[in-house]
Amino acid sequence: MAALAWAARLVLAGVLVSAAVAKLRDRDGLPARLEALGVPAGAVPAVAVGLPVVELLVAVGLVAWPSSVIPTCVALGLLILFSVAVASTLSRGVEVPCACFGGASDKPISARTIVRNAWLVALA
């Protein structure tokens, strides 16, 4: 069971690092993506800078402190927050590109985005 938990942590850490790096590479486009997802305009600059940093810190925590539940709980909270933002945007009928991995994908958010996040929540 410990090996399975470690594998889940590694997968989550990998996803978070990938997402953070993609957001950092998309510094110019990320603010518009975040605003389209419903982040208030006044908070967009702080979220655009802070979110990739938080994702990287959580990824490090998942690997560096494998016996701690804190990084896992933070990862779980982030994933739930992301899922709520996607569901809220979908419920408004707005078609926006996914900001999950910065500009790496211009595909719009969809129910598939929520399903993917549900699998990541299950891993957490």
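Preceding block: the structure.
Sequence order as written defines residue numbering, which begins from 1 separately in each chain. In keeping with the predicted nature of the model, local features appear solely for residues at pLDDT of at least 70, side-chain atom pairs appear and are counted solely at 80 or more, and the whole-chain, interface and lining totals rest on all residues. Computation of side-chain values: all heavy atoms of the structure, hydrogens and water removed.

Undergrad: How should I be thinking about the overall build of the protein in this particular structure?
TA: Scanning the protein from terminus to terminus reveals 5 helices and 0 strands. Its helices and strands taken in sequence order, the protein reads α-α-α-α-α from the N to the C terminus. Each radius of gyration is computed over the set of C-alpha atoms, and the globule rule expresses the reference value as 2.2 Å times the number of residues to the power 0.38. Computed over its C-alpha atoms, the radius of gyration of the protein comes to 14 Å, within 12% of the 14 Å expected for a compact globule of 124 residues. Taken along the three principal axes of its C-alpha coordinates, the protein extends 40 × 25 × 20 Å. In the protein, which comprises 124 residues, the proportion classed as buried is 32%. Whether two residues touch is decided by their heavy atoms; if any such pair falls within 4.5 Å, the residues are in contact. Pairs at least 24 residues apart make up 68% of the contacts formed inside the protein by residues separated by at least 6 positions. Put simply, the protein shows about 7000 Å² of open surface, and 72% of that area lies on carbon and sulfur atoms. Charge centroids of the protein, computed over 9 positive and 6 negative side chains, lie 9 Å from each other. Numbering of helices and strands runs from the N terminus; a helix is a DSSP stretch of H or I covering at least four residues, while a strand is a stretch of E covering at least two. Three labels apply to residues, based on accessible area from a 1.4 Å probe with only protein chains included: buried if under 20% of the type maximum, exposed if over 50%, partly exposed otherwise in between. In this description, accessible areas are obtained by the Shrake-Rupley approach with a 1.4 Å probe, and a residue is regarded as covered only by the protein chains that are shown. Counted as positive: Lys and Arg. Counted as negative: Asp and Glu, with His and the chain ends omitted from the count. In plain terms, the charge of a residue is placed at NZ if it is Lys, CZ if Arg, CG if Asp and CD if Glu.

Undergrad: Whenever I open this one, the pattern of salt bridges confuses me. Can you help?
TA: Oppositely charged side chains can form a pair if their charged atoms are brought close together. The rule for a salt bridge is simple: a side-chain nitrogen of Lys or Arg has to be within 4 Å of a carboxyl oxygen of Asp or Glu. Tallied over the entire structure, the rule returns 2 salt bridges. A salt bridge links Lys23 to Glu55; its shortest N-O distance comes to 2.9 Å. Within this pair, whereas Lys23 is found in helix α1 (residues 2-25), its partner Glu55 is found in helix α3 (residues 44-64), the two being separated by 32 residues in sequence. For Arg33, the salt bridge goes to Asp26, with nearest N and O atoms at 3.1 Å. Neither residue differs from the other here; Arg33 and Asp26 are each classed as buried.

Undergrad: Quick question: what am I supposed to make of the environment of Ile80 here?
TA: Here Ile80 lies in helix α4 (residues 70-91). A relative accessible area of 42% means that Ile80 is categorised as partly exposed. For the pair Ile80 and Leu120, spaced 40 residues apart in sequence, the C-alpha to C-alpha distance is 9.6 Å.

Undergrad: Could you clarify how one ought to interpret helix α5 (residues 111-123) in this entry?
TA: Residue pairs spaced three or four apart in an α-helix point in one direction, given the helix's 3.6 residues per turn. Helices are assigned an expected span. That span is 1.5 Å times one less than the residue count. Between its first and last C-alpha, α5 extends 19 Å over 13 residues, near the 18 Å set by a 1.5 Å rise per residue. Taken residue by residue, α5 has Thr113, Asn117 and Leu120 as its buried positions. Down the axis of α5, the buried set is contained in an arc of 55°. They therefore lie on one face. Those residues of α5 that are exposed and aimed more than 90 degrees away from the buried face are Ala111, Arg112, Trp119 and Ala122. The inward-facing, buried residues of α5 contact α1 and α4. A 3.5 Å cut-off defines polar contacts: any pair of N or O atoms within that distance qualifies, except that in protein one atom must be a possible hydrogen donor and the other a possible acceptor, and neighbouring residues in sequence count only when both atoms are side-chain atoms. You can read the cap of α5 off the contacts: a side-chain oxygen lies 3.1 Å from the backbone nitrogen of Arg112, and it is on Ser110. Starting at the helix axis, one direction is taken to each C-beta atom, and the arc is that of these directions.

Undergrad: Any chance you could explain the packing of α4 against α5 here in plain terms?
TA: Packed helices, taken two at a time, are described by the angle their axes make and the gap between the axes. Angular values range over 0 to 180 degrees, each being the angle between N-to-C directions of two axes fitted as lines to C-alpha atoms, with helices fitted over their stretch in contact. It is the contact of α4 with α5, at a shortest axis distance of 10 Å, that shows an interaxial angle of 165°. Comparing the axis directions of α4 and α5 gives the class roughly antiparallel. Crossing of α4 over α5 shows left-handed handedness. For the pair α4 and α5, the contacting residues are Leu76, Leu79, Ile80, Phe82, Ser83, Val86, Ala87 and Leu90 in the first and Ala111, Thr113, Ile114, Asn117, Leu120 and Val121 in the second. Amino acid classes used here: Ala, Val, Leu, Ile, Met, Phe, Trp, Tyr, Cys and Pro are nonpolar; Asp, Glu, Lys and Arg are charged; the rest, including Gly, are polar. Residue classes in the contact of α4 with α5 are distributed as 11 nonpolar, 3 polar and no charged. Comment on the angle field: the value is read as roughly parallel under 35 degrees, roughly antiparallel over 145, roughly perpendicular from 65 to 115, and oblique elsewhere. Crossing handedness: left-handed means the near helix sits turned counterclockwise from the far one by under a right angle, and right-handed means the same turn made clockwise.

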